[in-house]
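Structural description and commentary
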2 protein chains.
Amino acid sequence: MAKKSAVGRSSKPSLKDVAKLANVSVMTVSNVINGRMARVGDEVAARVREAVRELNYRPQRSGRSLRLQKEFALGLTVLHPDRRFLDDPYITQVAAGMSNFLATIGYSLMVNGLRNLKALDTLMERSFGYDGFAVMVSGEREQRVQVYKKLAQLKLPMVVIQDAPPPDLPEVSSVCQDDGVGAGMLVERLIDKRAKRILFAASRQVWPAMERRAAAAVAAAGKRARIDHLSCSEDDFELSIRQIETWLRSHPNTDAVMGGNDQLGLAAMQAAERCGLSVPSELMVTGYNAFLFQKFSKPTLCSVSSPAYEIGQEVSKMLIDLINGDGGEARHLLMPVSVVDGGSIG
Amino acid sequence: MAKKSAVGRSSKPSLKDVAKLANVSVMTVSNVINGRMARVGDEVAARVREAVRELNYRPQRSGRSLRLQKEFALGLTVLHPDRRFLDDPYITQVAAGMSNFLATIGYSLMVNGLRNLKALDTLMERSFGYDGFAVMVSGEREQRVQVYKKLAQLKLPMVVIQDAPPPDLPEVSSVCQDDGVGAGMLVERLIDKRAKRILFAASRQVWPAMERRAAAAVAAAGKRARIDHLSCSEDDFELSIRQIETWLRSHPNTDAVMGGNDQLGLAAMQAAERCGLSVPSELMVTGYNAFLFQKFSKPTLCSVSSPAYEIGQEVSKMLIDLINGDGGEARHLLMPVSVVDGGSIG
DNA sequence: CTGTTAGCGCATTCAA
DNA sequence: TTGAATGCGCTAACAG
């Protein structure tokens with residue numbers, strides 16, 4: 001008497017069930033399902049399709065994955081201390097871009113929020129359900145590098161979003177938007193309008209892209225204008241306003257505030273109002289990324305449009321190429337940006 | 001000579017590789033990995049762990065899934081015509097709540113945006129990588145019901161978010177926030193402040209929750225106040241403002257505008273300003289859901305706090321229970337809400 | 001054109 | 001305490 005494994009067969013129908021009902025072999029069913037019609041006669045195919053419909057059969061991913069050694073999914077991993085890691089519209093747009101692109105090729109998107117390095121360790125001990133992943137990391141450069149190195153140990157195709165991979169990981173690709181140019185264009189506009197002293201208001205939680213924007217602003221200003229820096233609480237909007245307000249009161253010769261993103265730009269608008277400064281005549285304000293918020297103020301915020309959605313698409317394409325072995329060298333994509341006009345600079 | 005299958009073994013290490021290196025059987029490795037220490041000697045366990053580290057072994061999900069007939073993942077499916085289906089902060093919070101809860105039990109979250117019914121058909125033909133899913137659907141009730149019925153054919157655990165499942169699907173659970181109470185409380189406040197005529201500004205893209213808010217407002221007002229309705233373009237903020245502005249100009253006796261969400265509340269604030277109406281003395285304004293936006297206006301928007309994040313967590317728990325067979329009857333959870341004060345009603 | 005065989009990685013069962 | 005056998009659902013390769 002043969003030994004019996006105790007694995008209950010799935011309640012879901014399998015190829016075998018369909019094959020039995022249609023009176024064909026499992027391979028024939030597989031061929032029909034996967035559109036290999038050259039290998040199946042029309043009449044048989046019809047019978048198979050009928051059986052599929054009758055049983056409400058749908059291929060099971062785990063079997064296919066095991067056989068083909070592919071998970072047919074990509075991951076999006078975000079390292080951010082706030083539990084609402086998905087709240088940032090930037091991340092949201094990247095996720096939508098990835099999900100929509102992947103849907104066209106039968107892949108899925110798995111999202112992962114990690115609040116700290118410990119969560120990363122936990123994640124890494126587990127098995128993964130994807131063939132490659134994109135990663136967005138907040139925090140200081142040193143910590144970010146640590147994260148990238150750790151993730152690289154997974155030996156999975158990986159693309160870094162909005163940051164430069166560390167130099168000792170030459171095989172890792174990246175996609176960034178051209179924030180150097182974006183911030184530079186904003187500074188030019190402000191200087192054109194005779195700004196001599198500009199405050200760059202960043203979020204306290206460091207994002208690499210915001211650091212780049214700040215650095216680019218300084219570089220673009222050169223000796224023509226002075227750029228000050230302030231880091232503001234990110235999750236407490238009221239606090240951000242007060243921090244900028246305090247700064248404006250103690251530095252009354254400030255001509256403009258550049259927000260590291262649109263939220264901070266909006267905070268600056270309100271800070272100006274509390275100081276009795278009219279925008280743009282007495283204080284100019286800019287934002288960055290121009291998602292939903294950009295139009296929420298009056299006058300509307302001058303900002304820079306972000307290709308975050310397109311970044312999601314490009315990242316996905318790069319990962320798919322890497323998975324299929326068409327990757328070649330690591331690529332570093334720089335997506336163009338453009339200024340979105342708004343009354344906040346006149 | 002034995003036939004050889006052409007399936008290349010994975011480049012990733014498997015239990016077999018670890019077993020060979022540690023000079024034990026695969027089962028011993030499996031037992032160590034899964035913490036079944038009662039079945040393994042300490043010395044052997046240490047040897048296994050060393051081998052695991054050396055090979056950088058991580059269990060492969062596909063094998064485990066196939067064996068246990070579980071995918072260890074849940075899905076979040078959103079039906080919304082905009083490609084930026086994830087942009088709404090509501091969805092974002094639900095996703096974060098799900099993802100964070102699932103991370104604690106070793107599950108993953110897969111997100112799916114569907115722009116129309118055709119995309120739904122495409123999705124349904126494919127194999128799934130999850131054991132159950134939550135669904136948020138926009139559109140008219142009739143279309144929504146059609147979607148729920150179709151999805152129910154998957155025979156997977158399913159929970160509807162922010163809508164009532166159709167009566168002929170008694171096995172489907174749901175989670176809603178108590179928008180009847182929320183909208184009612186807002187109306188009470190407005191009537192307390194002597195509002196007689198109130199405009200409810202909804203988005204043109206129908207969401208069931210917004211319909212409920214509108215209906216609850218009418219019910220709460222009774223004969224004490226008149227509730228008018230306006231549907232506004234959702235993605236074009238400037239257009240929303242103009243639509244509300246037009247309405248206010250032609251109905252000067254309006255006392256208050258209730259926005260179906262905070263974006264619409266903000267649009268109403270700007271429309272008021274364009275009409276020269278001061279808020280709240282000449283026109284009161286409320287929003288709904290109180291995510292990021294609520295504080296963006298001056299005065300801040302009176303709104304209703306949404307437990308969207310908690311909904312994400314509850315939905316996940318319900319789905320996990322259903323998957324584990326602890327489900328019992330269909331449950332219909334109603335999450336409490338509370339009013340968030342703001343200067344926009346005085 | 002259709003069927004048979006084999007094995008992907010894992011965990012349950014039973015034997016040693 | 002450890003090992004061997006078995007099969008979950010699927011598809012490449014080959015045989016008929």
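Residues numbered from 1 in each chain as written. Chains lettered and ligands numbered in written order. Predicted model: local features only at pLDDT ≥ 70, side-chain atom pairs only at ≥ 80, totals over all residues. Heavy atoms only, no water.

1. A closer look at the nonpolar core
The criterion, for reference: Grouping buried Ala, Val, Leu, Ile, Met, Phe, Trp, Tyr and Cys residues that are joined through side-chain atoms within 4.5 Å yields what is termed a nonpolar core. Only protein chains enter the accessibility calculation, which uses a 1.4 Å probe; a residue is then buried when its area is under 20% of its type maximum, exposed when over 50%, and partly exposed in between. The contact criterion used throughout is that any non-hydrogen atoms of two residues lie within 4.5 Å.
Grouped together as the largest cluster of nonpolar side chains are 162 residues, with contacts concentrated most on L76, I244 and V315 of chain A together with L76, I244 and V315 of chain B. Beyond its immediate chain neighbours, meaning those up to four positions away, I244 of chain A contacts A201, L230, C232, L264, A267, A268 and A271 of chain A. Membership of the second largest hydrophobic core comes to 44 residues, among which are F133, A152 and L154 of chain A together with L79 of chain B.

2. Quick notes on the relation of the copies chain A and chain B
Condition: When the copies are superposed, the least-squares fit draws on C-alpha atoms of residues that have pLDDT of at least 70 in both.
In screw terms, the move from chain A to chain B is a rotation of 180° and a rise of 0.0 Å along the axis, fitting with an RMSD of 0.1 Å. Such a combination of rotation and displacement between the chain copies is what one expects of a two-fold axis. Relative to the rotation axis, the closest C-alpha in chain A is found at M110 of chain A, a distance of 2.2 Å. Mapped onto chain B, 100% of the interface residues of chain A again fall at the interface, so both copies present the same surface.

3. Re the protein's contact with DNA strand C
How we decide: One heavy atom within 4 Å of a molecule or strand is enough for the residue carrying it to be called near that molecule or strand. Two N or O atoms form a polar contact when they lie within 3.5 Å of each other; inside protein one atom must be a possible hydrogen donor and the other a possible acceptor, and for residues adjacent in sequence the pair counts only when both atoms belong to side chains. Strands are runs of DSSP state E lasting at least two residues, helices are runs of H or I lasting at least four, and both sets are numbered from the N terminus onward. For this classification, Asp, Glu, Lys and Arg are treated as charged, while Ala, Val, Leu, Ile, Met, Phe, Trp, Tyr, Cys and Pro are nonpolar and the rest, including Gly, are polar.
Near DNA strand C, the surroundings consist of 33 residues, among which G41 and R67 of chain A together with M27, Y57 and R67 of chain B are the closest. In DNA strand C, atoms within 4 Å of the protein come 71% from sugar and phosphate. The contact in question runs from a sugar or linking oxygen of DNA strand C to an N or O atom on the side chain of Q69 of chain A, over 3.1 Å. The separation between a phosphate oxygen of DNA strand C and a polar main-chain atom of Q60 of chain B is 2.8 Å. If one sorts the elements of the surface near DNA strand C by residue count, helix α4 (residues 61–68) of chain B sits on top with 5 residues. Looking at the surface near DNA strand C residue by residue, the classes come out as 14 nonpolar, 11 polar and 8 charged.

4. Focus: the interface of chain A and chain B
Heads up, the condition is: By buried area we mean the combined loss of accessible area, with a 1.4 Å probe, across both parts when two parts are placed together. Salt bridge, as used here, is a side-chain nitrogen of Lys or Arg placed within 4 Å of a carboxyl oxygen of Asp or Glu. For two strands to be treated as a pair, DSSP must find at least two bridges joining them.
Listed by partner, the interface residues are 59 residues for chain A and 59 residues for chain B. Here chain A and chain B share an interface that buries about 5,400 Å² over both sides, 53% of which is from carbon and sulfur atoms. When residues of chain A are sorted by the area they lose upon contact with chain B, R58, R61 and F296 of chain A head the list and together hold 13% of the total. At the junction of chain A and chain B, the tally comes to 6 salt bridges. Between E273 of chain B and K298 of chain A there is a salt bridge; the shortest N-O distance is 3.9 Å. Linking chain A to chain B there are 16 residue pairs in polar contact (both at pLDDT 80 or more). Listed by contribution, the elements that provide at least two residues to the side of chain A that touches chain B are α4 (61–68), α5 (89–104), β2 (108–114), α6 (117–125), α11 (262–274) and α12 (308–323) of chain A. Ranked by residue count, the leading element in the side of chain A that touches chain B is α5 of chain A, at 7 residues. Classifying every residue of the side of chain A that touches chain B by side-chain character gives 22 nonpolar, 23 polar and 14 charged. Summarising the sheet, β2 of chain A and strand β2 (residues 108–114) of chain B pair through 3 bridges and their orientation is antiparallel.

5. Observations regarding the side chain of T77 of chain A
Within the secondary structure layout, T77 of chain A lies in strand β1 (residues 73–79). T77 of chain A has contacts with N112, L114, Y130, F133, A134, V135 and M136 of chain A, leaving out every residue within four places of it along the chain.

6. Description of the pattern of salt bridges
Summed over all chains, the structure comprises 43 salt bridges over all chains. The residue R249 of chain A makes a salt bridge to E245 of chain A at a minimum N-O spacing of 2.8 Å. Taken together, the residues R249 of chain A and E245 of chain A, both in helix α10 (residues 237–250) and 4 residues apart, mark about one turn of the helix. A residue is classified by how much of its surface remains accessible, and E245 of chain A, at 14% relative accessible area, is buried. Here E188 of chain B and R224 of chain B are joined by a salt bridge, their closest N and O atoms 2.7 Å apart. One end of the pair, E188 of chain B, is in helix α8 (residues 179–192); the other, R224 of chain B, is in the loop between α9 (208–221) and β7 (226–232), with 36 residues separating them in the sequence. For R224 of chain B, a relative accessible area of 41% gives the class partly exposed.

7. Let's talk about the packing of aromatic side chains
Going by this rule: Only rings of Phe, Tyr and Trp enter the pairing, Trp through its six-membered ring, and a pair is recorded when the two centres are within 6.5 Å. The plane angle decides the type: under 30 degrees is stacked, over 60 is edge-to-face, the rest tilted.
Enumeration over the complete set of coordinates arrives at 16 aromatic pairs over all chains. Here F296 of chain A and F293 of chain B contribute two aromatic rings whose centre-to-centre distance is 5.2 Å and whose plane-to-plane angle is 80°, an arrangement assigned as edge-to-face. Here F296 of chain A, found in the loop between β9 (284–286) and β10 (303–305), pairs with F293 of chain B, found in the loop between β9 (284–286) and β10 (303–305), and the two come from separate chains. On the basis of relative accessibility, which here comes to 7%, the residue F296 of chain A falls in the buried class. Between Y90 of chain B and F291 of chain B, the aromatic rings sit 6.0 Å apart at their centres with planes inclined by 70°, giving edge-to-face as the arrangement. Residue Y90 of chain B is located in helix α5 (residues 89–104), and its partner F291 of chain B is located in the loop between β9 and β10; the two are separated by 201 residues in the primary sequence.

8. Remarks on the protein's contact with DNA strand D
If you check the shell around DNA strand D, you find 32 residues, and the closest are L15, Y57 and R67 of chain A together with G41 and R67 of chain B. R64 of chain A is positioned with one of its side-chain polar atoms (N or O) 2.8 Å from a phosphate oxygen of DNA strand D. At a separation of 3.1 Å, a sugar or linking oxygen of DNA strand D approaches a polar side-chain atom of Q69 of chain B. Elements that contribute at least two residues to the surface near DNA strand D include exactly α2 (26–33) and α4 of chain A together with α2 (26–33) and α4 of chain B. Considering every element that reaches the surface near DNA strand D, the biggest residue donor is α4 of chain A, with 5 residues.

9. A few points about the packing of helix α8 (residues 179–192) of chain A against helix α9 (residues 208–221) of chain A
All names here are of chain A. So the rule is basically this: Axes here refer to lines fitted to C-alpha atoms; in helices the fit is confined to the stretch in contact. Angles between the N-to-C directions go from 0 to 180 degrees. Under this scheme an angle from 65 to 115 degrees is roughly perpendicular, one under 35 degrees roughly parallel, and one over 145 degrees roughly antiparallel; angles in between are oblique. Note: crossing handedness is left-handed where the near helix turns anticlockwise from the far helix by less than a right angle, and right-handed where it turns clockwise.
Look at α8 against α9: their axes get within 8 Å of each other, and the N-to-C directions meet at 45°. With respect to their mutual orientation, α8 and α9 come out oblique. The way α8 lies across α9 gives a crossing that is right-handed. Side by side, α8 and α9 meet where D179, G180, A183, G184, V187, E188 and I191 of the first sit next to A209, R212, R213, A216, A217, A220 and A221 of the second. Residues belonging to the contact of α8 with α9 are distributed by class as follows: 8 nonpolar, 2 polar and 4 charged.

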